[in-house]
Amino acid sequence: MILCASQPCYLAWPPLLDRIAAADVFVVMDAVQFEKGSYVNRNKIPLNGKDHWLTIPVHASITTTIADTSIDWSKPWQRKHTNSVSHAYGITDSRQEWLRHVAQLADCRHLGPLVVRDLEFWLNQYSIRTPVKLMPLKKRKPGGNELLLDLMADFKADTFLAGPLFKNYVNEELWKSSPYQWKEHKSRFPAETFPYPALHYWMLGTDLQFSSSRHILTTKQSAVEEPSSVPSHRDFRSTSSL
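This structure is a prediction, so every number in the text was calculated from the model and none was measured.

**Q** How should I be thinking about the pattern of salt bridges in this particular structure?
**A** Pairing is possible between side chains of opposite charge, provided their charged atoms come close. Throughout the structure, instances matching the rule amount to four salt bridges. The salt bridge involving Asp51 is made with Lys44; its shortest N-O contact spans 3.2 Å. Residue Lys44 is classed as buried on the basis of its relative accessible area of 6%. One salt bridge in this structure joins Glu184 and Lys167, with 3.5 Å as the shortest N-O distance. With Glu184 in strand 9 (residues 181–184) and Lys167 in the loop between strand 8 (159–162) and helix 6 (172–176), the pair connects residues that are 17 residues apart, well separated along the chain. Taking the relative accessible area as the measure of exposure, Glu184 reaches 25% and is therefore partly exposed.

**Q** What is the right way to read empty space enclosed by the protein from this model?
**A** The rolling of a water-molecule-sized probe over the atoms marks out the regions of remaining empty space. By the definition in use, this model includes two cavities of 30 Å³ or more. Roughly 30 Å³ of internal volume is contained in the second largest cavity. What lines the second largest cavity is simply Gln7, Pro8, Cys9, Ala12, Leu16, Phe26 and Leu119.

**Q** Is there a simple way to think about the layout of surface pockets in this case?
**A** Estimates place the volume of the second largest pocket at around 200 Å³. Every residue lining the second largest pocket is counted, 14 residues in all, and those nearest its centre are Phe34, Lys36, Gly37, Asn41 and Val58. Looking at the lining of the second largest pocket residue by residue, the class counts come to six nonpolar, six polar and two charged.

Rules behind the numbers
- Residues numbered from 1 in each chain as written.
- Predicted model: local features only at pLDDT ≥ 70, side-chain atom pairs only at ≥ 80, totals over all residues.
- Heavy atoms only, no water.
- Salt bridge = Lys/Arg side-chain N within 4 Å of Asp/Glu carboxyl O.
- Buried < 20%, exposed > 50% of the residue type's maximum accessible area, 1.4 Å probe, protein only.
- Helix = DSSP H or I, 4+ residues; strand = E, 2+ residues; numbered from the N terminus.
- 1 Å grid on protein atoms, 1.4 Å probe; cavity = no way out; pocket = protein on both sides within 12 Å on 5 of 7 lines; lining within 4 Å.
- Points joined across faces, edges and corners; volume = space filled by probe spheres on them.
- Nonpolar A, V, L, I, M, F, W, Y, C, P; charged D, E, K, R; others polar.

These results come straight from atomic positions and should not be treated as a statement about function.
Next comes the structure, spelled out in C-alpha cells:
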C-alpha cells in the first residue's frame, strides 16, 4: 500500500493533489503543531502583478495543533478572499462554485476541519477518490521521520510517497532499518511548466486552479468511474476501514 501524508494547507496546490491521486491513502497530519507563517492557513494569488496573500486569521499558541487552532471570525476573511479572487480572475461557473464553497465554511470553528473541508472540495473538483484519513490520536515519537514511520505502521502501508522536499530531511539509515521504503513522487506539475516564472512557485497552484475552468488530473479511478463525494472529516480519523 502506498501512503501519502502531509500537513493540510489552504487551497491545496496541484502537485499535492497529483501526489494524493497516485497514493492508496492520504493521511492529513492535523495533530501536529501549527506553524505561524506556513501555508496551512494561507496561500497566494497574483493580483495586479504582485503576490497577494489569502490568509485565514487564527488564534494560536506555540503548543496548539492544527486541528485545535481556532479561527478568528471577528475578521471578514471570507469576503476578502472571494473579492480578491473575483477581482484577479473574474467570475465563471467553476469559480462561482468555489465562492459558494467558501461561504459554507462559516460553521467551522477550528482550522483543522476547515482546511480538510477545503481539501475535500479540490479533490472532488479533480475527481480524485483516494481515501482521506486523519492521523490517529496517540502519543507519537519525536521527529518527522519517526512520525512518518509510525503512520506507515498505523495504516499497514509499505511505501511512503514523498514530496519534493522530503529528500532534504530524510533519515536514510532509519528508513533502511525499517520494513518500509520511500520514493519521491514525480509530479506532472514541475516548477518549470508553470506560467509566470518570476512569481513564487508555491502560489502557482492557486493560479492554475483559478485560471482554468477545471484542470483534469487523470487518476486510475476517474478514468472509468464517476466521481463520488468525499466523506466528512468527522468520519475518517480511523484506520479500520482500509
